[in-house]
Amino acid sequence: EADIYQTPRYLVIGTGKKITLECSQTMGHDKMYWYQQDPGMELHLIHYSYGVNSTEKGDLSSESTVSRIRTEHFPLTLESARPSHTSQYLCASSGSGLHIGYTFGSGTRLTVV
Amino acid sequence: AQSVTQLGSHVSVSEGALVLLRCNYSSSVPPYLFWYVQYPNQGLQLLLKYTSAATLVKGINGFEAEFKKSETSFHLTKPSAHMSDAAEYFCAVSGASYGKLTFGQGTILTVHP
């Protein structure tokens, strides 16, 4: 079944640690996105990609980085986690034409202590 | 440029009552419009989308929305609220079939017994 997967679902980590949030999709979508969302708040686009080896920063400045080496994989990395990075991170992919619209993963809730 | 305004960050209804969540958009080109629902600690799930076909769009779980160009609105309705409808709802707009979505601030729907 075509879907989008995020791991881990929950992560508690100490300040200064390097972390990578995984996102993979099996729908063959070229476009993928990372959003940051604080509880009960709006979504902020932090990174997006329109294809392999293509990445762009989003509307909200973020200290994280992303890579897109394979179509199905769009990981997000924080080199040195800080408490201010505590948030929920949502990954999405999208088709075009009749298939326009995002499909979201279940999210990763990150807590930096 | 595109933007979305959701009127009312919190809406409370009684079980069985009409649900009306308001969304107004701004887009310099004919828009694609979406409603998503988010349950606690989950990603977003697509409820329905408007892609320039019928102006009245029916979605999952009994929800529907009507595109009104003259009012630049895309309000979400459901005739009879159910307890399971309690969640946060996001309206979104895209100006192209391949473009990024811009999300509204979200509306938290509470359903009282």
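Everything discussed here concerns the structure shown above.
Residues numbered from 1 in each chain as written. Chains lettered and ligands numbered in written order. Predicted model: local features only at pLDDT ≥ 70, side-chain atom pairs only at ≥ 80, totals over all residues. Heavy atoms only, no water.

Before we move on, can you summarise the overall build of chain A with the specific residues and values?
A tally of helices and strands in chain A yields zero helices and eleven strands. When the helices and strands of chain A are read in sequence order from the N terminus, they spell out β-β-β-β-β-β-β-β-β-β-β. Its C-alpha atoms give chain A a radius of gyration of 13 Å, within 12% of the compact-globule value 13 Å for 113 residues. Dimensions along the principal axes, computed over C-alpha positions, put chain A at roughly 45 × 30 × 30 Å. Here chain A, with 113 residues, has 46% of them falling under the buried criterion. A sequence separation of at least 24 residues applies to 53% of the contacts in chain A between residues at least 6 apart. Accessible area for chain A stands at about 5400 Å²; split by element, carbon and sulfur atoms hold 52% of it. Positive and negative side-chain charges in chain A, numbering 9 and 11 respectively, have mean positions lying 6 Å apart. (Helix = DSSP H or I, 4+ residues; strand = E, 2+ residues; numbered from the N terminus. Rg over C-alpha atoms; globule rule 2.2 N^0.38 Å. Buried < 20%, exposed > 50% of the residue type's maximum accessible area, 1.4 Å probe, protein only. Contact = heavy atoms within 4.5 Å. Areas by Shrake-Rupley, 256 points an atom, 1.4 Å probe, with all protein chains shown as cover. Lys, Arg positive; Asp, Glu negative; His and termini not counted. Charge placed at Lys NZ, Arg CZ, Asp CG, Glu CD.)

Let's hear about the pairing of strand β4 (residues 31–37) of chain A: which residues, and what values?
Residues and elements named next belong to chain A. Burial within β4 is extensive, with seven of its seven residues counted as buried. A two-sided burial pattern is seen for β4, the buried positions comprising Lys31, Tyr33, Tyr35 and Gln37 on one face and Met32, Trp34 and Gln36 on the other. Judged from the seven bridges that link them, β4 and strand β9 (residues 87–94) form a sheet pairing that is antiparallel. Within β9, the position partnered with Trp34 by the bridge is Cys91. As paired strands, β4 and strand β5 (residues 43–51) are joined by six bridges and run antiparallel to one another. (Pairing = 2+ DSSP bridges.)

Provide a residue-level description of the environment of Tyr5 of chain A, including the pertinent values.
Residue and element names in this part refer to chain A. Along the chain, the position of Tyr5 falls in strand β1 (residues 4–7). A relative accessible area of 44% places Tyr5 in the partly exposed class. For the pair formed by Tyr5 and Ile69, sequence separation is 64 residues and the distance between their alpha carbons is 17 Å. In contact with Tyr5, other than residues within four places in its own chain, are Glu22, Cys23, Ser24 and Thr26.

Explain the packing of aromatic side chains residue by residue, including any values.
Counting across every chain of the model gives 15 aromatic pairs over all chains. Here Tyr102 of chain A and Phe104 of chain A contribute two aromatic rings whose centre-to-centre distance is 5.8 Å and whose plane-to-plane angle is 55°, an arrangement assigned as tilted. Each member of the pair, Tyr102 of chain A as well as Phe104 of chain A, is classed as buried. Taking the centre distance of 5.8 Å and the plane angle of 55° together, the rings of Tyr36 of chain B and Phe103 of chain B count as tilted. (Phe/Tyr/Trp six-rings, centres within 6.5 Å; stacked < 30°, edge-to-face > 60°.)

Describe the interface of chain A and chain B, naming the residues involved and giving the relevant values.
By a widely used convention, the size of an interface equals the accessible area lost when the partners come together. Chain A puts 27 residues into the contact, and the matching count from chain B is 22 residues. Counting each side, the surface lost to burial between chain A and chain B is near 1800 Å², with a carbon and sulfur contribution of 53%. The interface formed by chain A and chain B includes zero salt bridges. Across the contact surface, chain A and chain B share five residue pairs in polar contact (both at pLDDT 80 or more). Of all the elements in the fold, those that place two or more residues in the side of chain A that touches chain B are β4, β5, β9 and β10 (102–104) of chain A. (Buried area = accessible area lost by both parts, 1.4 Å probe. Salt bridge = Lys/Arg side-chain N within 4 Å of Asp/Glu carboxyl O. Polar contact = N/O pair within 3.5 Å; in protein donor to acceptor, adjacent residues only side chain to side chain.)

An account of the state of the cysteines is needed here, citing residue identities and associated values.
Under the definition given, this model contains two disulfides over all chains. What pairs with Cys23 of chain A in a disulfide is Cys91 of chain A, and their sulfur atoms sit 1.9 Å apart. Residues Cys23 of chain A and Cys91 of chain A are joined by a disulfide whose S-S torsion is about -75°; by sign, that bridge is left-handed. Linking Cys23 of chain A in strand β3 (residues 19–25) with Cys91 of chain A in strand β9, this pair joins segments that are 68 residues apart in sequence. Neither Cys23 of chain A nor Cys91 of chain A differs from the other in exposure class; each is buried. With a sulfur-sulfur separation of 2.0 Å, Cys23 of chain B is cross-linked through a disulfide to Cys91 of chain B. Between Cys23 of chain B and Cys91 of chain B the disulfide shows an S-S torsion of about -65°. By sign, it is left-handed. Note that Cys23 of chain B is positioned in strand β3 (residues 19–27) and Cys91 of chain B in strand β9 (residues 87–94), a separation of 68 residues in sequence. (Disulfide = S-S within 2.5 Å.)

Note that every value here comes from positions in space, so none of it alone points to a role or purpose.
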